[in-house]
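Letter by letter, the chains look like this.
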Amino acid sequence: MIVVPERIIAGLMTRADAFAAIEAVFAAMARGEARNFPVVREAIGHADALYGFKSGFDRAHLDLGLKSGGYWPGNAAKGLTNHQSTVVLFDADTGRCRALVGGNLLTALRTAAAAAVSVAHLARKDSRVLGIVGAGHQAAFQLRAVAEQRPFERVVAWNRSPEKLKGLACAAEEMGLPFESVSLDRLGAEADVIVTITSSFDAILGDAQVRPGTHLACMGTDTRDKKEVDPTLVARASVFTDEVAQAVTIGECQHAVALGLKGEADIVPLGAVINGDHPGRASEEEVTLFDGTGVGLQDLAVASRVVDLAVQKGLATQVEF
Ligand code: NAD
């Protein structure tokens, strides 16, 4: 069995690696060659923790396994990240354990890569202004990955507590992009691409705030009842997603579908666009929205890639198992 510990992943996995892995697995999902299995998520009644696992099998790349972990709210006080996860990969031919991989950084990289893949395939080519809503742990990963997909000239951002935008401002500065903290009205009026990455349960962006031609990557809503944008905005947009079944139950689409404003059949897997089976953006005026709910196959795809990189670079630890 190969072990790839959390601490070496930053030196192994590039954003380009993550992008390629996520684009390939979305494509395999849309071809019916990769399937996510039902998600388990439970409050364990200890340490206030939420624990679960996401698993699946990608037949195209023979990635079989699971990501297990969850949320331990007391971790910050112990100097640890509240979100903890580990990926276990199995040999698809024998069921033997193939690898154990740290999943914390990979989660941020694969989530940002999903937004970036959506921007690469759906945003207007002439997009110049990037808008970010949210300034938590994931936000800077999103900014870095998405900013590489179009010739952006500046970043506008909004967070509930604007003072927390400093980390995001540094990430923009590192990429040579001017950064401004703005109101939601200005963000919607100026941004060509908007990433939402918050834990909100109420709509932050309304329909009237978003101008024609915008691409939104809604990445924060991954649980029942969470909500980042108004359902009327979802109804107006052409909607794409990682997995339709998750979009309508735990994703941003859940509210528009429950209100009858959008049908399940109207939601297109992003993989269909990647495979050339759906044209994607239909016009320069269309609002496109990617509902990024986060699937286990994304975790397996990036973990498998990082195992290959660790082996290639002689950094993989082999353990008799
Ligand atoms: P975090 O706790 O570090 O940051 C949370 C962010 O949400 C902060 O910017 C906070 O200001 C904002 N926020 C919280 N409540 C809000 C409200 N009511 N109105 C406006 N803003 C609010 O979290 P994070 O690690 O950055 O993750 C952000 C979200 O992304 C979480 O909901 C998480 O579950 C989700 N997530 C999704 C995926 C995916 O694949 N789609 C992957 C990882 C995380």
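Quick note: structure is the one above.
For the structure given in this document, a descriptive report is provided here. Everything numeric here is computed off the predicted structure, so don't read it as measured data.

## Remarks on the overall build of the protein chain
Each helix and strand counted, the protein chain has eleven helices and 16 strands in total. Against the globule reference of 20 Å for 321 residues, the protein chain gives a C-alpha radius of gyration of 19 Å, in line with a compact fold. A total of 321 residues make up the protein chain; the buried ones form 53% of that total. Expressed as a percentage of contacts within the protein chain between residues at least 6 apart in sequence, the contacts between residues at least 24 apart total 70%. Total accessible area on the protein chain is roughly 13900 Å²; 53% of this is exposed by carbon and sulfur atoms. In the protein chain, the 31 positive side-chain charges and the 39 negative ones have mean positions that sit 3 Å from each other.

## Details of the site of the ligand
In the vicinity of the ligand, 21 residues are found, and the nearest of them are Arg110, His137, Asn159, Asp222 and Lys226. Between the ligand and Gly292 there is a distance of 2.8 Å, counted from a nitrogen atom to a backbone nitrogen or oxygen. Each residue belonging to the shell around the ligand can be placed in one class, and the counts come to four nonpolar, 13 polar and four charged.

## A few points about a nonpolar patch on the surface
Where nonpolar side chains cluster on the molecular surface, the patch consists of Val40, Ile44, Tyr51 and Phe53 and spans about 290 Å² of accessible area. Relative to the helices and strands, Ile44 is located in the loop between β3 (40-43) and β4 (50-58).

## Considerations on the pairing of strand β15 (residues 288-291)
Burial along β15 is two-sided: Thr288 and Phe290 facing one way and Leu289 and Asp291 facing the other are all buried. Pairing analysis gives four bridges linking strand β12 (residues 215-218) to β15, with the strands arranged parallel. Residue pairing in the sheet places Cys218 in a bridge with Asp291 of β15. Relative to β15, strand β13 (residues 238-241) runs parallel, the two being bridged by four bridges. From the neighbouring strand, Ser238 faces β15, where its bridge partner is Thr288.

## A look at the pattern of salt bridges
Scanning the entire structure with this criterion turns up 16 salt bridges. The shortest N-O distance in the salt bridge between Asp192 and Arg124 comes to 2.9 Å. Taken together, the positions of Asp192 in the loop between α6 (184-190) and β11 (193-196) and Arg124 in the loop between α3 (104-122) and β8 (129-133) put the pair 68 residues apart, joining distant regions of the chain. For the pair Asp192 and Arg124, one class covers both residues: buried. Among the ionic contacts, a cluster of salt bridges with common partners joins Arg124, Asp126, Asp192 and Arg211.

What counts as what
- The residue numbering used here restarts from 1 in each chain and proceeds along that chain's sequence as written.
- Totals for whole chains, interfaces and linings use every residue, but because this is a predicted model, local features are given only for residues with pLDDT of at least 70 and side-chain atom pairs only at 80 or more, for both listing and counting.
- Heavy atoms throughout the structure, all of them, feed into the side-chain values; hydrogens and water do not.
- Only DSSP runs of H or I reaching four residues or more are called helices, and only runs of E reaching two or more are called strands; each is numbered from the N terminus.
- It is over C-alpha atoms that the radius of gyration is taken, and the globule rule equals 2.2 Å times the number of residues to the power 0.38.
- A simple rule labels every residue: compare its accessible area, found with a 1.4 Å probe on the protein chains alone, to the largest value its type can have, and call it buried under 20%, exposed over 50%, or partly exposed in between.
- Any two residues having at least one pair of non-hydrogen atoms within 4.5 Å are treated as being in contact.
- Only the protein chains shown count as cover for residues, and all accessible areas are computed by the Shrake-Rupley method using a 1.4 Å probe.
- Only four residue types enter the charge count: Lys and Arg as positive, Asp and Glu as negative, with His and the chain ends excluded.
- A charge is said to be at NZ when it belongs to Lys, at CZ for Arg, at CG for Asp and at CD for Glu.
- Here a residue is near a molecule or strand as soon as one of its heavy atoms is found within 4 Å of it.
- Pairs of N or O atoms are called polar contacts if they sit within 3.5 Å, as long as, within protein, a hydrogen donor faces a hydrogen acceptor (for residues adjacent in sequence, only side-chain-to-side-chain pairs).
- For this classification, Asp, Glu, Lys and Arg are treated as charged, while Ala, Val, Leu, Ile, Met, Phe, Trp, Tyr, Cys and Pro are nonpolar and the rest, including Gly, are polar.
- A patch is a set of surface residues, each over 30% in relative accessible area and not in a salt bridge, joined within 9 Å for like charges and within 5 Å for the nonpolar side chains Val, Leu, Ile, Met, Phe, Trp and Tyr.
- Salt bridges are counted wherever a side-chain nitrogen of Lys or Arg sits within 4 Å of a carboxyl oxygen of Asp or Glu.
- Whether two strands pair comes down to DSSP finding at least two bridges between them.

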